[in-house]
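# Fold and geometry: a report
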Amino acid sequence: MASVDIIDAAKSFGAVRVIKGVNIPIGDGEFVILVGPSGCGKSTLLRMIAGLEEISEGQIRIGSRVVNDVPPKERDIAMVFQNYALYPHMTVADNMAFSLKLKQAPKSEITAKVDRAAQILGLGPLLQRYPRQLSGGQRQRVAMGRAIVRDPQVFLFDEPLSNLDAKLRVQMRTEIKELHQRLKTTTIYVTHDQIEAMTMADRIVVMHDGIVEQMGVPLDLYDRPANLFVAGFIGSPAMNMIKGSIRNSSFETEKGNHLPLGNAPAASEGRRAIYGVRPEHIHLAGDGIPAEVVVVEPTGAETQVIVKAGGDELTCVFRERITAKPGETIRIAPELKVVHLFDADDGRRLSA
Amino acid sequence: MTDAVQQVAAKPARTGVISWHSTPRRVATIYLPLACFVVVLLFPFYWMTITTLKPNHELYNYKDYNPFFVHSPTLVNVKKLLFDTEYPQWLFTTMSIAIAATVLSIFASVLAAYAIQRLRFRGSQWVGLAIYLAYLVPPSILFIPLATMVFKLGLYDSPFALILTYPTFLIPFCTWLLIGYFKSIPYELEECAMIDGATRLQILRKITLPLAVPGLISAGIFAFTLSWNEFIYALAFIQSSEKKTVPVAVLTQLVQGDDYQWGALMAGALFGSIPVALFYSFFVDYYVSSLTGAVKE
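Owing to the predicted nature of the structure, the values given are computational and were not obtained by experimental measurement. (Residues numbered from 1 in each chain as written. Chains lettered and ligands numbered in written order. Predicted model: local features only at pLDDT ≥ 70, side-chain atom pairs only at ≥ 80, totals over all residues. Heavy atoms only, no water.)

## Some details on the sheet that holds strand β4 (residues 57-62) of chain A
Residue and element names in this part refer to chain A. Note the following rule: Pairing between two strands is assigned when DSSP locates at least 2 bridges connecting them. By definition, any uninterrupted DSSP run of H or I lasting at least four residues is a helix, any uninterrupted run of E lasting at least two residues is a strand, and each is numbered from the N terminus. The contact rule is simple, with two residues in contact once any of their heavy atoms fall within 4.5 Å. What counts as an axis is a line fitted to C-alpha atoms, over the stretch in contact for a helix, and the angles between N-to-C directions run from 0 to 180 degrees.
Taken together, the 4 strands give an open sheet; going across it, the order is β2-β1-β4-β5, and neighbouring strands pair in antiparallel fashion. The outermost strands of the open sheet, each flanked by one partner alone, are β2 (16-26) and β5 (65-66). Pairing of β4 with β5 involves 2 bridges; the strand directions are antiparallel. Of the residues in β5, the one forming a bridge with Arg61 is Val66. Strands β1 (4-13), β2 and β4 of the sheet are contacted by helix α1 (residues 42-50), whose axis makes an angle of about 115 degrees with β1.

Listed below in structure tokens is the structure:
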């Protein structure tokens, strides 16, 4: 196990700068997830840690060693690829034993390690099969088994669940998390799925356009997003955002409606801002703002309702069952403690 | 579910129309064209075979004997070819030269194709293109400078003259075939092996080559066939009758002046094509898969 430090790391492909200098300290044994929309540079960063891409500027340290010029095989890492990259011409057992055979480990040690990994992942009966005879979830497990037998300092995962169906994804999510709790190996995991990030990570790094937008524990990112991008990216359905300005300790939307504010930031009278409230933080209230129902989408446990209030469209999620039909009016109120305010110009968080 | 729905929906439209699977339709669209194709392709073989088996008087007399059939088959021509000429020796020489040239070319092509396709170096695309351009130079022009080199190296009239010159057209060809095949092997497999601790050569040997076997086999078949049938270099660089390859020897030794010994000539051509045909039939599955498919996990 080891810590990983990414210090001012940057990557350019020709004239295009895809990673624009990022600093991410990762503690020993930590499970860190890099999350962001496609093209944000998260996979490139992971490949830089793995040694598959050169580091154009800055440093990456694994443990105390700077690995900028260390080839992948000497970095003591294991990587799980999005398409699993299982060797098609080798059995499951051979796939898992490949790295140990290259190291010329003794036969008994290879068998012991492969058996242990197979037992952890429940692959015992499949050891003599070929990858083409396995289902998606089984292939995923073999790819993880291949990483486990190496007993590396760091696990790297590159969108490992994106080729699986929704149900299996949820199951594998739990398995990977359990695996980490059991092995306690430092893990860096890349995904574009914020739910995966929220549920699995010790710490999330939100990336966008080659920079780190915010770093923190999952609930911190949810409760106190540092800027508009993180606010919109974390949470599903996405946060409602309304443009307007702060007047008389309340929020005046561009269309002239007033929304309540819990505690307006100091010296912000008249400031142009964006009012953010999560769908799950809007409640039904008898004395609330009247809103016209547009669409009702019941999901069972909760009901998602899209309403029009004062010309702005809002998404709300209610725990209650909603009987209102489209066209009817309901009264809603935001939960004041968890209303977010962002600067309209640079998108930074305003409220303390 | 959706399949069942589609079938139900499609059924009414089919009634009254000749189904795609009906016998007349299949005969008209598949078997008839295929039959024409097969006849055109196999007729030369048939002609070769019957000419081999015909006695001379039958061969030159179209009026009394139908030219498309053998009336009184004989093995005289075969006996003449095998025992009165050095045919077995020619066959052996051709075989050895073709195998040696093929092995040499495949070895060089694997390294070249792998480097061009997988190693990131400046100008790798241009190197690939340059190798292809070399392939476009016709042998009828290339054999003149090559002849000078063969003479200077003292290789004239030796099998090495051919073993070393055949790769000039085999390597570009095989390299391009293998570049295409290597391209179809997912790059992640190699990256994964790299992280697993393999060196470049280990990756080539343990990951890429085992997955490229169909590609190697089809490159091998092509190279073998091209060297087997090669004519102009073999004609120019070899003089002694016993060192000649089959295509050249059959022509130079069995055509004396204007006397074409058709029976023996055709027997020589027939026996010369059998090894290639056997070679193809063994590997036809690999050969087809290399031209049509990629590596599937």
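## A look at helix α2 (residues 23-53) of chain B
Threshold: In this scheme, a helix's expected span is set at 1.5 Å multiplied by one less than its residue total. One axis fitted to the seven residues ending at a residue, another fitted to the seven starting there: the angle between these axes is the bend at that residue.
Helix length check: α2(B) (31 residues) gives 39 Å between terminal C-alpha atoms against 45 Å at 1.5 Å per residue, more than 12% under. At B:Leu42, α2(B) shows its maximal kink, close to 40 degrees; a proline, B:Pro44, follows between one and four residues later.

## A short note on the pattern of salt bridges
Put simply, the test is: When a carboxyl oxygen of Asp or Glu is within 4 Å of a side-chain nitrogen of Lys or Arg, the pair counts as a salt bridge. Classification of residues uses two cut-offs on accessible area relative to the type maximum, computed with a 1.4 Å probe and protein chains only: under 20% is buried, over 50% is exposed, and between them is partly exposed.
Taken as a whole and assessed by the stated rule, the structure comprises 19 salt bridges over all chains. Across the salt bridge formed by A:Lys255 and A:Asp312, the nearest N and O atoms sit 3.4 Å from each other. One end of the pair, A:Lys255, is in the loop between β12 (250-253) and β13 (258-260); the other, A:Asp312, is in strand β17 (residues 312-318), with 57 residues separating them in the sequence. Here A:Arg272 and A:Asp345 are joined by a salt bridge, their closest N and O atoms 3.3 Å apart. Taken as a pair, A:Arg272 in strand β14 (residues 272-277) and A:Asp345 in the segment after β19 (340-343) lie far apart in primary sequence, 73 residues in all. You'll find A:Arg272 and A:Asp345 in the same group, each marked exposed. Each of A:Lys11, A:Arg47, A:Glu53 and B:Glu191 takes part in salt bridges that share partners, so that together they form one network.

## Let's talk about the sheet that holds β13(A)
Residues and elements named next belong to chain A. With antiparallel pairing, 5 strands are arranged side by side in an open sheet as β13-β12-β11-β14-β19. Here the strands that pair on one side only, and so sit at the sheet edges, are β13 and β19. Adjacent strand axes in the sheet meet at a mean angle of 45 degrees when their direction is disregarded. Bridge analysis of β12 against β13 gives 3 bridges, and the strand direction is antiparallel. Bridging across to β13, Ser250 finds its partner in Pro260.

## Focus: the pairing of strand β3 (residues 31-35) of chain A
Residue and element names in this part refer to chain A. Counting buried positions along β3 gives 5 out of 5 residues, so the element sits mostly inside the fold. Looking at chain direction, β3 and strand β9 (residues 203-208) are connected through 4 bridges and run parallel. Bridge pairing in β9 links Val32 to Arg203.

## Things to note about a nonpolar patch on the surface
Residues and elements named next belong to chain B. For clarity, the cut-off: Note on patches: the residues involved have over 30% relative accessible area and no salt bridge, like charges join within 9 Å, and the nonpolar side chains Val, Leu, Ile, Met, Phe, Trp and Tyr join within 5 Å. For the area figures, the Shrake-Rupley method with a 1.4 Å probe applies, and any residue is considered shielded solely by the protein chains shown.
A surface patch of nonpolar side chains, amounting to about 660 Å² of accessible area, comprises Trp126, Leu129, Tyr132, Leu133, Leu136 and Trp176. Of all the elements, helix α6 (residues 124-136) adds the most residues to the nonpolar patch, at 5 residues. Take Tyr132: it is sitting in helix α6.

## Observations regarding the side chain of A:Arg349
Residue and element names in this part refer to chain A. Here is the rule: Positive charges come from Lys and Arg alone, negative charges from Asp and Glu alone, with His and the N- and C-terminal ends not counted. By the criterion applied in these results, polar contacts are pairs of N or O atoms within 3.5 Å in which, for protein atoms, one can donate a hydrogen and the other can accept it, and in which residues neighboring in sequence qualify only through two side-chain atoms.
Looking at the element boundaries, Arg349 is found in the segment after β19. No salt bridge is formed by the buried Arg349, whose closest oppositely charged neighbour, Asp223, lies at an N-O distance of 8.4 Å. One polar contact links the side chain of Arg349 to the main-chain carbonyl oxygen of Pro225, over a distance of 3.1 Å. Other than its neighbours up to four places away in sequence, Arg349 contacts Asp223, Arg224, Pro225, Ala226, Asn227, His340, Leu341 and Phe342.

## Looking at the packing of helix α5 (residues 87-118) of chain B against helix α12 (residues 213-229) of chain B
All names here are of chain B. Our working rule: Between 65 and 115 degrees an angle is taken as roughly perpendicular, under 35 as roughly parallel, over 145 as roughly antiparallel, and anywhere else as oblique. For a crossing to be left-handed, the near helix must be turned anticlockwise from the far one by less than a right angle; the clockwise case is right-handed.
Contact pair α5 / α12: the axes reach a minimum separation of 8 Å and the direction vectors enclose 140 degrees. One element, α5, and the other, α12, form an angle in the oblique class. As α5 runs across α12, the sense of the crossing is right-handed. Residues Leu91, Thr94, Met95, Ala98, Ile99, Ala101, Thr102, Ile106 and Val110 of α5 touch α12, and the partners they reach there are Leu216, Ala219, Gly220, Ala223, Phe224, Ser227 and Trp228.

## Overview of the domain arrangement of chain A
All names here are of chain A. To keep things clear, this is the line we draw: Those domain boundaries reflect an automatic or database domain assignment. The term buried area refers to how much accessible surface (probe radius 1.4 Å) is lost by two components on association, counted for both of them together.
For chain A, the domain assignment lists domain 1 (4-233) and domain 2 (240-343). Spacing between the C-alpha centres of domain 1 and domain 2 amounts to 39 Å. Taken together, the 8 residues of domain 1 in the interface contact 7 residues of domain 2. Buried surface at the junction of domain 1 and domain 2, summed over both partners, amounts to about 660 Å²; 64% is from carbon and sulfur atoms. Of all residues in domain 1, Tyr222, Leu228 and Ala231 bury the most surface against domain 2, accounting for 75% of the area lost on that side. Here domain 1 is connected to domain 2 by 0 salt bridges. On inspection of domain 1 and its partner domain 2, the count reaches 2 residue pairs in polar contact (both at pLDDT 80 or more). Going through the elements one at a time, α7 (218-223) and α8 (228-233) are the ones with two or more residues in the side of domain 1 that touches domain 2.

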